[in-house]
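Structural features, examined
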Amino acid sequence: MPRLTLALFPALLLLAGQALAADRPVFGWVEKTTIEPWGVELKAKLDSGALTSSLHATDVEIFEKDGDDWVRFTVDVHDEASGKKVEKTFEKPRYRKVIIRGAGGEERRPVVLMNLCMGNTIYEEQFTLNDRSDMIYPVLLGRRTLSHLGYLDVTQTFTHSPDCDEGSIVKLDKDQEDDEDIED
């Protein structure tokens, strides 16, 4: 009897995994997303090695507005949908600031909340602002965002197209739980 139980255990695990995957979408390691409500379609790399997501931004400037710290920045990207180069300057409240540690040392970056469409859902997520012009992907989605989206299948790409509108579900940052809360 114990051998039969052991033989069935892998099959039960597989079925349990499939049931979990049915609850949450599975995304590939590269997906298309749109920045909302701007609607510009961008390629995003889903990176489990990064905690906080990052957005390509230049001319990053912190300023004070109504006694709070705000960030003005420009997003200058290639719109995947139109094939054109587009640019927009945003002003957002600074949500927090982080220190990014890497092989090149430490760098301080502001974090803002931005809305992005993945599949048919709009997610309000935390993004560091960084010049990613030397990177292939203008958007990097880190673990904090990945934990909100669903599952990551590193063998797949472009499994979902962004398809959001005024009626789309919006998941706010404050309403989502992170898998872990560690420093960047």
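All chains use their own residue numbering, which begins from 1 and follows the written sequence. Only residues with pLDDT of 70 or above have their local features reported here, since the model is predicted, and side-chain atom pairs are shown and tallied only from 80 upward, although totals for entire chains, interfaces and linings are computed over all residues. Side-chain numbers here rest on the full set of heavy atoms in the structure, without hydrogens or water.

Here glutamate 36 and proline 37 are connected by a cis peptide whose omega angle stands at 5°. Among the structural elements, proline 37 can be located in the loop between strand E2 (30-36) and strand E3 (40-46). For aspartate 59, which is not a glycine, the phi torsion comes out positive at approximately 50°. What counts as a helix is a DSSP run of H or I of at least four residues, what counts as a strand is a run of E of at least two, and both are numbered from the N terminus. Along the chain, aspartate 59 falls in strand E5 (residues 58-65). Exposure classes here rest on a 1.4 Å probe applied to the protein chains alone. A residue is buried below 20% of its type maximum, exposed above 50%, and partly exposed in between. Looking at aspartate 59, the relative accessible area reads 59%, which means it is exposed.

Along the chain, threonine 145 falls in helix H2 (residues 143-149). Here threonine 145 falls in the buried class, since its relative accessible area comes to 1%. Those residues within four positions of threonine 145 in sequence are excluded, and the remaining contacts are Ser53 and Glu125. For this analysis, residues touch if any pair of their heavy atoms sits within 4.5 Å.

All right, on to the state of the cysteines then. Here, two cysteine sulfur atoms that lie within 2.5 Å of each other are counted as a disulfide. In this structure the tally under the stated criterion is 1 disulfide. Two residues share a disulfide in this structure: cysteine 117 and cysteine 164, whose sulfurs sit 2.0 Å from each other. Given an S-S torsion of about 85°, the disulfide between cysteine 117 and cysteine 164 has right-handed geometry. Pair noted here: cysteine 117 is in strand E9 (residues 105-118) and cysteine 164 is in the loop between strand E12 (151-153) and strand E13 (169-171), with a separation of 47 residues, a long-range link.

pLDDT measures the predictor's confidence residue by residue and takes values from 0 up to 100. When pLDDT is averaged across the protein chain, the result is 87; 84% of the residues are at 70 or more. Of the regions scoring below 50 in pLDDT, residues 11-21 engages in 3 contacts with residues more than four places distant in sequence or in other chains.

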